[in-house]
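Here's the letter readout for the chains.
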Amino acid sequence: MVTAEAVAGLVARLTLEQKVAQLGGLSLPSLVAFDPKTGPGLDTGRVAELCPHGIGHLSLAWFLGQDADSLRDALARVQEAVRAASPFGIGGLVHFEGINGFLHAAGEQFPTAWAQAATWEPDLVRRASSVTAAHMRDLGVQLLFSPVMDLSRDPRWGRTHETYGEDPELAAQFAVAFVRGVQGVRGDGQDAELLATGKHFLGFGASEGGLNMAATQLGRRTLTDEYAEPFRRAIAEAGLSVVMNSYNDIDGVPAAANRWLLTDLLRGELGFTGMVVSDYESVDMLRTRYRTAATAAAAAVQAVSAGLDAELPQARNYPSLVEEVASGRLDERVVDEAVARVLTVKARTGLIPAFHTPSRGRPSPPDRAAAAEIRTAVADRAVVLLSNDGTLPLAPGGSRIVVVGPAADELRIHFGAYTSVAAAEMPAAIQAVRRGDIPGIDPAAFDASAITTTPLPGLRQRFEEMARALHPDAHTVVTALREVDPKVECVPLGSFDPQPETALDAAAVEAAVAGADVVVAVVGERTGRVGANTAGEGRSSASPTLPGDQDELLGLLAATGKPVVTVVVSGRPLLLEHAARSSAAMLLAPLLGEAAGTAIASALFGRTNPGGKLPGTFPRHLGQIPAYHGHRHGSGYDHPTGDTYAYVDLPDPSPLFPFGHGLSYTTFDVALSGGAEVRDGVLRAAVTVSNTGAVDGETVVQLYARQEFASVVRPVRQLVQFRRVALAAGQARDIVLEAPVERLCHTLPDGRRGLEPGEVTLMAGLSSDDIRCTATVSVPGV
């Protein structure tokens, strides 16, 4: 057990320069030297030169090592050099990304976070993150920079796929599960070899206009009660010990320099006692982007005074703290507090020899067989059946199936931005630019920092080849369908490109599918960091639609009179009203990774019965954004009182597909059985869930609550609990859904967090707009 007194004693023994050194990062690529004879290599001798007083963090480690063994060796060599250069042999904190698997070619990958949320089964995420954690412990990593706890209610924002969706309760349960998978169920974060990192604090997914890093126009009540809820729960229930700031400003104050956010709210109200790290270059951005600081010293003082303990990826501004303290412009106690938090994390993760840590031995390697089973389970359970007129499931060999669409025979489209596939594309893109392979770009004049925002035509085929090389056993949708029905045909129709080389022709489309009994159109969008992506970090969309001519293709297919089954590959809600009108059935494949092709084919042929539920609302029209189920009374699309205004040019103000929606090849019902009550501070609803159809299947029973009257405007509904249930055809099961009354607590008019006594309506159903039974209970004040 690491004590505050012991850490304070160590801090007191450090010089000011050594203290400040603990607050910065070292970019590991800066240790790579080029030898004319042997090529690039790791020069650990540079550590003492670059970090004479020690170092806090080791950044960008994913560029070291081509496999697990070489990466482990490289990190061990760097760590040895860091200990030799640091006071008291203190090591450096190594971090890696891992929201959907260890972000390295050697790592097991899982469907992206938005897909994980579509399963509505948090324990799968706990199991997946435990595999990711095993990878990192085996390699000598201390910080896992995940999970992403942002709420995403604006699909224009390109990072939706990294989140667990729009709802505070759904995101909270998945965040808690992820952290427990990393740190263990005990969840106190003590003496853990590896710690999870919650990000991004706070309101990052609510940026103005859906633009990455833009201002967040939310009040403190909404930020505290809704957007902070996943962090509140992960801190209290899983021992979250590391938090990363967001790239945004709130009411004119950047998150990286926002004391109300990082100290008053996070540490004060939420009870966080751990370390806050900067997202990459966010301290720099106080000077370069937000213009709140004119100098490096001013930026450093703003950030550390707000409660930001470490500057990443490297120390460009924090070294100025030495002079700021020496001159008397900054109280050294501010630095001491930050250093204490950094050293506490280092002590817990075994990086400080002076602290006794139990001998752990060599960590167990990841269980790759278990990883494959978890990956398949997540992919199968994440598929969402959006609509179906009875065309699905398809019968293998029973009809002529023609597959079309630009995503039909592509593997790359199924991966998100923070995957090994996308990570490999970054250096490949830089190399292509330097070789002069990209038309219209002068290699000599190109700024490598612009690689993520520059269109890079011509790399699609190269990236596809790379994806297949990384995952040689993975199927595209076409090859997976042919594994079940070898007679499946594929016709290359449709394009992602905004200006396709060949325009669609109605006669050609009709001829291509003339002999088909059913057409499967595989459409969607690419998600990543570099290349022709319409989603991903830094990839916001003014209108989140199917890119290229895909909507036109679906319209032409529908005009042939053939039943069209549309498979949508996307990690965020898209505007799909035209696609829905053109389709006999629609299936959502929310970035399922290497398991995508097989999972989609299994669902289409009925080998698995889709049971996924949407983690986000699909609006009908761009003008409805942001559309989300838990809007407040008097706003949004749903009004229990009927007192509302609507858009005069939108006949149906409801979502196209609401939060929690997902159909099945069978039917289900939910009814109150033992009633609803409040007992011992817990909301309880006893219900019977029944499979009323002829096919085995799974559904998610969702429990919502509405506070009927309060002193502040409350949501029209609030998800408080859910459970995924598997039932055989004709089977019924009694279940009890429980949630602490504290789930309804919010910021009261006087600023306190609590709950006023009164009536609460409990609503159980199969989606946010498919409520099957209700009951009213009286709750006491909290």
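Before going into details, it helps to say that this report is about the structure given with it.

About the thresholds
Residues numbered from 1 in each chain as written. Predicted model: local features only at pLDDT ≥ 70, side-chain atom pairs only at ≥ 80, totals over all residues. Heavy atoms only, no water. Axes fitted to C-alpha atoms, helices over the stretch in contact; angles between N-to-C directions. Helix = DSSP H or I, 4+ residues; strand = E, 2+ residues; numbered from the N terminus. Parallel < 35°, antiparallel > 145°, perpendicular 65-115°, else oblique. Contact = heavy atoms within 4.5 Å. Nonpolar A, V, L, I, M, F, W, Y, C, P; charged D, E, K, R; others polar. Phe/Tyr/Trp six-rings, centres within 6.5 Å; stacked < 30°, edge-to-face > 60°. Buried < 20%, exposed > 50% of the residue type's maximum accessible area, 1.4 Å probe, protein only. Arc of directions from axis to C-beta. Pairing = 2+ DSSP bridges. Salt bridge = Lys/Arg side-chain N within 4 Å of Asp/Glu carboxyl O.

1. Section: the packing of helix α8 (residues 220–227) against helix α9 (residues 229–238)
- At a minimum axis separation of 5 Å, α8 and α9 run at an interaxial angle of 45°. In terms of axis orientation, α8 runs oblique to α9. Within the contact between the two elements, α8 uses T224, D225, E226 and Y227 and α9 uses E229, P230, F231 and R232.
- Classifying every residue of the contact of α8 with α9 gives three nonpolar, one polar and four charged.

2. Overview of the packing of aromatic side chains
- In this structure the tally under the stated criterion is 11 aromatic pairs.
- Centroid distance F201 to F231: 5.0 Å. Interplanar angle 80°. Geometry classified as edge-to-face. Of this pair, F201 sits in strand β7 (residues 195–201) while F231 sits in helix α9, placing them 30 residues apart in sequence. Each member of the pair, F201 together with F231, is buried.
- Taken together, a centroid distance of 6.1 Å and an interplanar angle of 75° make the contact between F618 and F657 edge-to-face. With F618 in the loop between α22 (596–604) and β18 (668–679) and F657 in the loop between α22 and β18, this residue pair connects regions lying 39 residues apart in the sequence. Accessibility assignment for this pair places F618 and F657 in one class, buried.
- An aromatic cluster is present here, built from W62, F96, F102 and Y280 joined pairwise through their rings.

3. Brief notes about helix α18 (residues 477–484)
- For α18, the full list of buried residues reads V477, V478, A480, L481 and V484. Considered in projection along α18, the buried side chains sweep an arc of 165° and stay on one side of the axis.

4. Quick notes on the sheet that holds strand β14 (residues 489–490)
- Spatial strand order, β12-β17-β16-β15-β13-β14: six strands in an open sheet with mixed pairing. The sheet terminates laterally at β12 (384–388) and β14, the two strands that pair on one side only.
- Alignment of strand β13 (residues 401–404) against β14, held across two bridges, turns out to be parallel. The residue bridging V403 from the neighbouring strand is C490, located in β14.
- Contacts from α22 reach β15 (518–524), β16 (564–569) and β17 (585–589), with the element oriented near 155° to β17.

5. Some details on the pattern of salt bridges
- Under the definition given, this model contains 52 salt bridges.
- A salt bridge links R679 to E677, with the nearest nitrogen and oxygen atoms 2.4 Å apart.
- For R679, a relative accessible area of 42% gives the class partly exposed.
- Since its relative accessible area comes to 30%, E677 is described here as partly exposed.
- Shared partners join several salt bridges into a network, and the residues in it are E169, D225, E229, R232, R233, E237, E269, R743 and R753.

6. Quick look at unusual backbone geometry
- Of note, the bond from K199 into H200 is cis; its omega dihedral lies within 30 degrees of zero at 0°.
- The omega angle of the peptide bond from I625 to P626 is 0°, so this bond is cis rather than trans.
- Mapping P626 onto the fold places it in the loop between α22 and β18.
- Despite not being glycine, R291 has its phi angle at roughly 65°, a positive value.
- If you trace the backbone, R291 turns up in the loop between α11 (285–288) and α12 (296–306).
- Residue class for R291 comes out exposed when judged on its relative accessible area of 66%.

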